[in-house]
Amino acid sequence: MKFFLDTANVEEIKRINALGLCDGVTTNPTIISKEGRPFEEVIKEICSIVDGPVSAEVIGLQAEAMIKEARVIAQWAPNVVVKIPMTEEGLKAVHVLSQENIKTNVTLIFSVSQGLMAAKVGATFISPFLGRLDDIGVDGIDLIKRLKAVLDNYGLKSEIISASVRHIGHLETAAEAGSHIATIPGSLFPKLWGHPLTESGIEGFLKDWDSFNKSLKIEGEKYATVR
């Protein structure tokens, strides 16, 4: 499973990338707005840090506007991916862009039929939202399983990005369901590599090591006194 970092914070990206855990980055207008910097500047810097795909979302709602924006964004870096909303106009735009070999990430997917349509028109990635489905009482992981089965059934090449990942359970069950990618907020990563038993185990090892060294020192002093 690939890990994408869901942020536009450069320092956060550098931290996770240094661990070898950042296979790509996803952003959206909300995330970008928090940085207080020009959109293009932020995306270009992220693309220079990360080797993998970096999703940058269009603002237009009509296909013509999306396509025009996408063509500009695609020139910013070789690893940039254009994020397109799951709408009729979005599908039309993705169909055109896929023929131009511009990589796309169709976002805000909440059903198998939406994911299937996005894959059929040539989306590089499709992004079902787990947390937002949970909010309305729908099993997001079931959607991942069903989407994976549909893609496999028909040999569709789109990769599933499990989005709106809010806790460890989302990540683990999405991995079990066969999601190709999870896009994860930076605040969740420490919870993924940390565990109370790991921390207490380290404390125990250090305490035992300290006791062992103290006993060696005492034995050494005794030996010196006897001599």
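Above this note sits the structure.
Source: prediction; values computed, not measured. (Residues numbered from 1 in each chain as written. Predicted model: local features only at pLDDT ≥ 70, side-chain atom pairs only at ≥ 80, totals over all residues. Heavy atoms only, no water.)

Focus: the overall build of the protein
Reasoning step 1: When helices and strands are counted, the protein shows 11 helices and 8 strands.
Reasoning step 2: Computed over its C-alpha atoms, the radius of gyration of the protein comes to 23 Å, more than 25% above the 17 Å expected for a compact globule of 227 residues.
Reasoning step 3: Over its C-alpha atoms, taken along the principal directions, the protein stretches across nearly 90 × 40 × 30 Å.
Reasoning step 4: In the protein, buried positions account for 41% of the 227 residues.
Reasoning step 5: Of the contacts formed within the protein by residues at least 6 apart in sequence, a portion of 57% connects residues at least 24 apart.
Reasoning step 6: Of the roughly 12400 Å² of accessible surface on the protein, 55% is carried by carbon and sulfur atoms.
Reasoning step 7: Both charge centroids of the protein, one from 24 positive and one from 29 negative side chains, sit 2 Å from each other. (Helix = DSSP H or I, 4+ residues; strand = E, 2+ residues; numbered from the N terminus. Rg over C-alpha atoms; globule rule 2.2 N^0.38 Å. Buried < 20%, exposed > 50% of the residue type's maximum accessible area, 1.4 Å probe, protein only. Contact = heavy atoms within 4.5 Å. Areas by Shrake-Rupley, 256 points an atom, 1.4 Å probe, with all protein chains shown as cover. Lys, Arg positive; Asp, Glu negative; His and termini not counted. Charge placed at Lys NZ, Arg CZ, Asp CG, Glu CD.)

Some thoughts on the pairing of strand E3 (residues 54–57)
Reasoning step 1: On E3, burial covers both faces: Val-54 and Ala-56 on one face and Ser-55 and Glu-57 on the other are all buried.
Reasoning step 2: Where strand E2 (residues 24–26) lies against E3, 2 bridges are found, and the strand directions are parallel. Its bridge partner lying in E3, Thr-26 is registered against Ser-55.
Reasoning step 3: The parallel pair E3 and strand E4 (residues 80–85), bridged by helix H4 (residues 63–73), forms a crossover whose chirality is right-handed. (Pairing = 2+ DSSP bridges. Right-handed = clockwise from strand over helix to strand, strands pointing away.)

Description of the pattern of salt bridges
Reasoning step 1: Per the stated rule, a full pass over the model turns up 11 salt bridges.
Reasoning step 2: Note that Glu-11 is salt-bridged to Lys-14, the shortest N-O span being 3.9 Å. On the criterion of helical spacing, the pair formed by Glu-11 and Lys-14 is a turn pair, its members being 3 residues apart in helix H1 (residues 10–18).
Reasoning step 3: One salt bridge in this structure joins Glu-89 and Lys-92, with 3.4 Å as the shortest N-O distance. (Salt bridge = Lys/Arg side-chain N within 4 Å of Asp/Glu carboxyl O.)

Side note on the environment of His-180
Reasoning step 1: Structurally, His-180 is set in the loop between helix H9 (168–176) and strand E8 (181–184).
Reasoning step 2: On the basis of relative accessible area, His-180 is assigned to the partly exposed category, the value being 25%.
Reasoning step 3: Expressed as a C-alpha distance, the spacing of His-180 and Gly-52, which sit 128 residues apart in the sequence, is 14 Å.
Reasoning step 4: If we ignore the near neighbours within four places in the chain, the residues touching His-180 are Met-1, Lys-2, Lys-148, Leu-151, Ser-158, Glu-159 and Ile-160.
Reasoning step 5: Polar side-chain contacts of His-180 include one of 2.8 Å to the backbone nitrogen of Ile-160. (Polar contact = N/O pair within 3.5 Å; in protein donor to acceptor, adjacent residues only side chain to side chain.)

Re the pairing of E4
A regular strand places its side chains so that they alternate between the two faces of the sheet.
Reasoning step 1: Taking burial as the measure, the 6 residues of E4 include 6 buried ones, the bulk of the element.
Reasoning step 2: The two faces of E4 match: Val-80, Val-82 and Ile-84 on one face and Val-81, Lys-83 and Pro-85 on the other face are all buried.
Reasoning step 3: The pairing of E3 with E4 spans 4 bridges and is parallel. When the bridges of E4 are listed, Val-54 appears paired with Val-80.
Reasoning step 4: Between the parallel pair E4 and strand E5 (residues 104–109), the chain is carried across by helix H5 (residues 88–99), and the sense of this crossover is right-handed.

Comments concerning the nonpolar core
As a rule of thumb, soluble globular proteins bury nonpolar side chains together.
Reasoning step 1: In terms of nonpolar packing, the biggest core is built from 58 residues, with Val-25, Ile-46, Val-50, Ala-118 and Ile-126 touching the most fellow members.
Reasoning step 2: Contacts of Ile-126, omitting those with residues within four sequence positions, involve Asn-105, Val-106, Ile-109, Gly-115, Ala-118, Ala-119, Leu-147, Leu-151, Ser-158, Glu-159, Ile-160 and Ile-161.
Reasoning step 3: Ranked by size, the runner-up nonpolar core spans 5 residues in total, among them Phe-4, Val-81, Ile-161 and Ile-181. (Core = buried A, V, L, I, M, F, W, Y, C linked by side-chain atoms within 4.5 Å.)

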